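Spelled out from the first residue to the last, the chains are:
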Amino acid sequence: MLKFIRSRGSIDAGLPFSDAVRVGDVLYLSGAMGNVPGKMELAKGGIESETRQMFDNIARTLEQNGLSFDDVFKCQVFLADMKEWPAFNKIYVEYFKPDRLPARSALGVGGLAMTGRVEMEVTAYARGK
């Protein structure tokens, strides 16, 4: 099974990618940022605000597919400044149960779309959902 998933917000914004792609029992989410839903505008307030908005955006995509953060098994994090890693981690742990922390990579990058501070891709197990 291969299913391409696009939200109305992504379509309206003219974004040239799917929000997620389901391949069998796995849901691959595109990189999510801390943008205001349906707009090419970042949440105001820096890394903390962007991170919380990013998690809200990811939660929405997961929920639209019958999933939650409990189903996430891998995260790839991209930070504009690795010095903000502790601030990111402080918020990150609020979204995952201590006994269900996904495998994770974190990378410092030279630049993100919209001059964002953070972007994250997640992969989730969708068997039976």
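Everything numeric here is computed off the predicted structure, so don't read it as measured data.

Conventions we followed
Residues numbered from 1 in each chain as written. Predicted model: local features only at pLDDT ≥ 70, side-chain atom pairs only at ≥ 80, totals over all residues. Heavy atoms only, no water. Phe/Tyr/Trp six-rings, centres within 6.5 Å; stacked < 30°, edge-to-face > 60°. Helix = DSSP H or I, 4+ residues; strand = E, 2+ residues; numbered from the N terminus. Buried < 20%, exposed > 50% of the residue type's maximum accessible area, 1.4 Å probe, protein only. Lys NZ or Arg CZ within 6 Å of the ring centre and 35° of its normal. Core = buried A, V, L, I, M, F, W, Y, C linked by side-chain atoms within 4.5 Å. Contact = heavy atoms within 4.5 Å.

**Description of the packing of aromatic side chains**
Reasoning step 1: Scanning the entire structure with this criterion turns up 9 aromatic pairs.
Reasoning step 2: Ring geometry for F55 versus Y95: centroids 4.2 Å apart, planes at 10°, classification stacked. Pair noted here: F55 is in helix α2 (residues 47-64) and Y95 is in the loop between α3 (85-92) and β6 (103-108), with a separation of 40 residues, a long-range link.
Reasoning step 3: For F55, a relative accessible area of 0% corresponds to the buried category.
Reasoning step 4: Residues F55 and F96 carry aromatic rings whose centres are separated by 6.2 Å and whose planes lie at 75° to one another, so their mutual orientation is edge-to-face. Here F55 is found in helix α2, whereas its partner F96 is found in the loop between α3 and β6, with 41 residues between them in sequence. Taken as a pair, F55 and F96 share a single burial class, namely buried.
Reasoning step 5: The structure contains a cluster of three or more aromatic residues connected by ring pairs, namely F55, F69, F88, Y92, Y95 and F96.
Reasoning step 6: In this structure, R104 packs its charged tip against the face of Y92, placed 4.5 Å from the ring centre.

**Things to note about the environment of G111**
Reasoning step 1: Within the element layout of this structure, G111 appears in the loop between β6 and β7 (118-125).
Reasoning step 2: Counting along the chain gives 30 residues from G111 to D81, while the straight-line C-alpha distance between them is 9.1 Å.

**Re the nonpolar core**
Reasoning step 1: Grouped together as the largest cluster of nonpolar side chains are 26 residues, with contacts concentrated most on F55, I58, F88 and M120.
Reasoning step 2: For this core, the secondary-structure elements that each account for two or more residues are β3 (26-29), α2, β5 (72-79), α3 and β7.
Reasoning step 3: Per element, the largest residue contribution to this core is 6 residues, and it comes from α2.
Reasoning step 4: In contact with F88, not counting residues within four places along its chain, are T51, M54, F55, V77, L79, R104, V118 and M120.

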